[in-house]
Amino acid sequence: MPYDYDIAIIGAGAAGYSAAIYAGRSGASAVIFDKGMGGGLTSEADEIENYPGFKKIKGPELMERMKEHASQYAKMHFLEEVKDLKVYDDGIDVISSKRIYKVGAVILCTGTEHRKLGVKGEEEFRGRGVSYCATCDGPFFVGKDVVVVGGGNTAISEAIYLKDIGCNVTVIHRRDELRAEKILEDEAKQKGVNFIWNSVVEEIFGDEMVKGVKIKNVKTGEIKEIKASGVFVSIGEEPNNELAKKVGAQLDEHGYVKVDRLQRTSVKRVYAAGDITGGVRQIVTACGEGATAALASLEVIGKRNPFR
Ligand code: NAP
């Protein structure tokens with residue numbers, strides 16, 4: 001079957017770029033689709049300190065480097081959303097916002113999106129004080145009071161970033177201990193980030209712009225208002241699994257795509273890599289999974305996996 005491309009990679013984050021490099025270097029023709037301009041969630045990170053070889057690097061810079069590297073090996077189709085996939089015995093139709101492409105294999109690198117609090121005011125004040133990305137929007141709040149909701153690595157990294165740029169930062173967390181790594185917790189405390197424990201946000205209020213949050217202490221039931229100009233919601237991610245669902249790939253109980261050691265999904269010709277597969281969701285693991293998926297997918301396009 002003549003393919004437009006041997007391998008279509010959907011999602012231009014760390015997993016997708018790595019898959020492209022390994023696909024191209026194995027002699028497969030590869031294309032990356034991204035509904036935006038690529039970079040994935042990593043491009044929202046301020047400092048990255050755990051990607052080997054870089055003691056400290058800005059998220060956007062790391063992703064620019066990966067993009068430039070991957071573009072030597074694959075075609076890049078940005079601002080082109082893949083709407084559907086039709087899997088046949090001899091190939092897959094990739095139906096994008098522009099046209100239909102015939103390919104031999106698909107690697108889903110669709111990642112995750114920010115989880116929402118689901119409280120009054122969240123939608124209404126989005127872009128008017130409510131944000132899901134401190135590095136994108138933090139500079140608007142320099143010198144002001146902001147709250148960060150959440151207790152994971154992202155929340156605490158964002159709190160540190162906001163404090164560093166000159167915001168007065170309070171973290172609101174629903175338990176009395178953080179999920180984040182100890183090293184981040186220590187840094188946040190040492191820099192003077194405030195913490196409110198055992199509390200959930202019940203409402204985000206304001207007029208034209210956000211003015212604050214109403215919080216409830218889950219132990220005592222006490223309700224309080226905290227004044228803030230910015231509310232950074234950082235309570236984890238939800239998998240972007242629409243395409244996986246459309247092809248009928250098996251998902252785990254949290255909606256992440258199930259894969260085997262070669263990143264094969266339950267559907268022949270469909271592979272998955274990066275945050276969409278769950279697990280520890282690190283940049284370095286996404287890269288490894290992308291490479292594995294690309295090499296494994298050679299099996300369905302009649303090419304030899306050079307590492308097996
Ligand atoms: P996460 O680890 O899932 O943490 C989410 C946080 O939000 C948890 O503290 C959770 O509370 C809280 N939360 C969840 N739903 C909530 C709700 N409805 N209301 C209030 N709080 C809620 O998510 P993440 O921080 O975005 O990290 C995602 C992945 O990326 C993780 O694997 C993380 O390690 C990784 N990451 C790594 C780094 C790094 O290595 N430096 C940096 C950023 C992210 P509980 O703790 O009570 O569950």
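About the criteria used
- Residues numbered from 1 in each chain as written.
- Predicted model: local features only at pLDDT ≥ 70, side-chain atom pairs only at ≥ 80, totals over all residues.
- Heavy atoms only, no water.
- Phe/Tyr/Trp six-rings, centres within 6.5 Å; stacked < 30°, edge-to-face > 60°.
- Lys NZ or Arg CZ within 6 Å of the ring centre and 35° of its normal.
- Buried < 20%, exposed > 50% of the residue type's maximum accessible area, 1.4 Å probe, protein only.
- Helix = DSSP H or I, 4+ residues; strand = E, 2+ residues; numbered from the N terminus.
- Arc of directions from axis to C-beta.
- Contact = heavy atoms within 4.5 Å.
- Pairing = 2+ DSSP bridges.
- Right-handed = clockwise from strand over helix to strand, strands pointing away.
- Disulfide = S-S within 2.5 Å.
- Near = heavy atom within 4 Å.
- Polar contact = N/O pair within 3.5 Å; in protein donor to acceptor, adjacent residues only side chain to side chain.
- Areas by Shrake-Rupley, 256 points an atom, 1.4 Å probe, with all protein chains shown as cover.
- Nonpolar A, V, L, I, M, F, W, Y, C, P; charged D, E, K, R; others polar.
- Salt bridge = Lys/Arg side-chain N within 4 Å of Asp/Glu carboxyl O.
- 1 Å grid on protein atoms, 1.4 Å probe; cavity = no way out; pocket = protein on both sides within 12 Å on 5 of 7 lines; lining within 4 Å.
- Points joined across faces, edges and corners; volume = space filled by probe spheres on them.
- Axes fitted to C-alpha atoms, helices over the stretch in contact; angles between N-to-C directions.

Please set out the packing of aromatic side chains residue by residue, giving values where relevant.
In total, this model carries five aromatic pairs according to the counting rule given. Arranged with centres 5.1 Å apart and planes meeting at 5°, the rings of Phe195 and Trp197 form a pair that is stacked. Over the face of the ring belonging to Phe78 we find Lys67, whose NZ or CZ atom lies 4.7 Å from the ring centre. Across from the ring centre of Phe195, 5.9 Å away, lies the NZ or CZ of Lys189, which sits over that ring.

So what's going on with helix H5 (residues 182-191)? Residues and values would help.
Looking only at H5, the buried set comprises Leu184, Glu185 and Ala188. The arc that holds the buried residues of H5, viewed along the axis, is 100°, so those residues lie on one side. Facing away from the buried side of H5 by more than 90 degrees, the exposed set consists of Lys182, Ile183 and Gln190. Close packing links the buried residues of H5 with helix H4 (153-164) and strand E13 (194-196).

Describe the pairing of strand E12 (residues 168-172), naming the residues involved and giving the relevant values.
Most of E12 is tucked away: four of the five residues are buried. Inspection of the sheet shows strand E11 (residues 145-149) paired to E12 by five bridges, in the parallel sense. Its bridge partner lying in E12, Val146 is registered against Val169. Each parallel crossover has a hand, and for E11 linked through H4 to E12 it is right-handed. Chirality of the crossover, the property in question, places the unit of E12, H5 and E13 among those that are right-handed.

Hey, could you go over the state of the cysteines for me, with residue numbers and the actual values?
Considering all chains together, one arrives at one disulfide under this definition. Two residues share a disulfide in this structure: Cys133 and Cys136, whose sulfurs sit 2.0 Å from each other. Here Cys133 and Cys136 share a disulfide; its torsion about the S-S bond, 75°, makes the bridge right-handed. Residue Cys136 is classed as partly exposed on the basis of its relative accessible area, which comes to 42%. The thiol sulfur of Cys167 is not disulfide-bonded, and the nearest other cysteine sulfur, from Cys133, lies at 13 Å.

Break down the site of the ligand for me, citing the residues and quoting the values.
Asn50, Asn153, Thr154, Arg175 and Arg179 are the nearest of the 19 residues found near the ligand. Within the backbone of Gly152, one N or O atom sits 3.2 Å away from an oxygen atom of the ligand. In the model, an oxygen atom of the ligand is placed 3.1 Å from a nitrogen or oxygen of the Gln282 side chain. Against a free-state accessible area of 920 Å², the protein chains account for coverage of 78% of the ligand. Per-class residue counts for the shell around the ligand are two nonpolar, 10 polar and seven charged.

Give me the lowdown on the pattern of salt bridges, citing residues and values where you can.
As enumerated under the stated definition, the model contains 21 salt bridges in all. Of the charged contacts in the structure, one is a salt bridge between Glu47 and Lys58, with a shortest N-O distance of 3.2 Å. With Glu47 in strand E3 (residues 47-48) and Lys58 in strand E4 (residues 57-58), this residue pair connects regions lying 11 residues apart in the sequence. Since its relative accessible area comes to 33%, Glu47 is described here as partly exposed. Beyond isolated ion pairs, a larger network of salt bridges with shared partners links Asp46, Glu47 and Lys58.

Account for the side chain of Ser18, naming residues and giving values.
On the secondary structure map, Ser18 appears in helix H1 (residues 14-25). A residue is classified by how much of its surface remains accessible, and Ser18, at 9% relative accessible area, is buried. If sequence neighbours within four positions are ignored, Ser18 has contacts with Cys287, Gly290 and Ala291.

Lay out the layout of surface pockets with the relevant residues and their values.
A probe matching the size of a water molecule, rolled over the atoms, marks out where space remains unfilled. Of the voids in this model, the second largest pocket is the one considered here, and its volume is about 240 Å³. Lining the second largest pocket are 13 residues, and of these Ser18, Ile21, Tyr51, His69 and Cys287 sit closest to its centre. Of all the secondary-structure elements, those providing two or more residues to the lining of the second largest pocket are H1, helix H2 (59-70) and helix H7 (283-297). Looking at the lining of the second largest pocket residue by residue, the classes come out as nine nonpolar, three polar and one charged.

I'd love a proper account of the sheet that holds E11, names of residues and values included.
In spatial order, the strands read E10-E17-E11-E12-E13; together these five strands make up an open sheet with parallel pairing. Two strands in the sheet have a free side with no partner beyond their single neighbour: strand E10 (130-131) and E13. In the packing of H4 onto the sheet, the strands contacted are E11, E12, E13 and strand E17 (230-233), and the crossing angle to E12 comes to about 165°.

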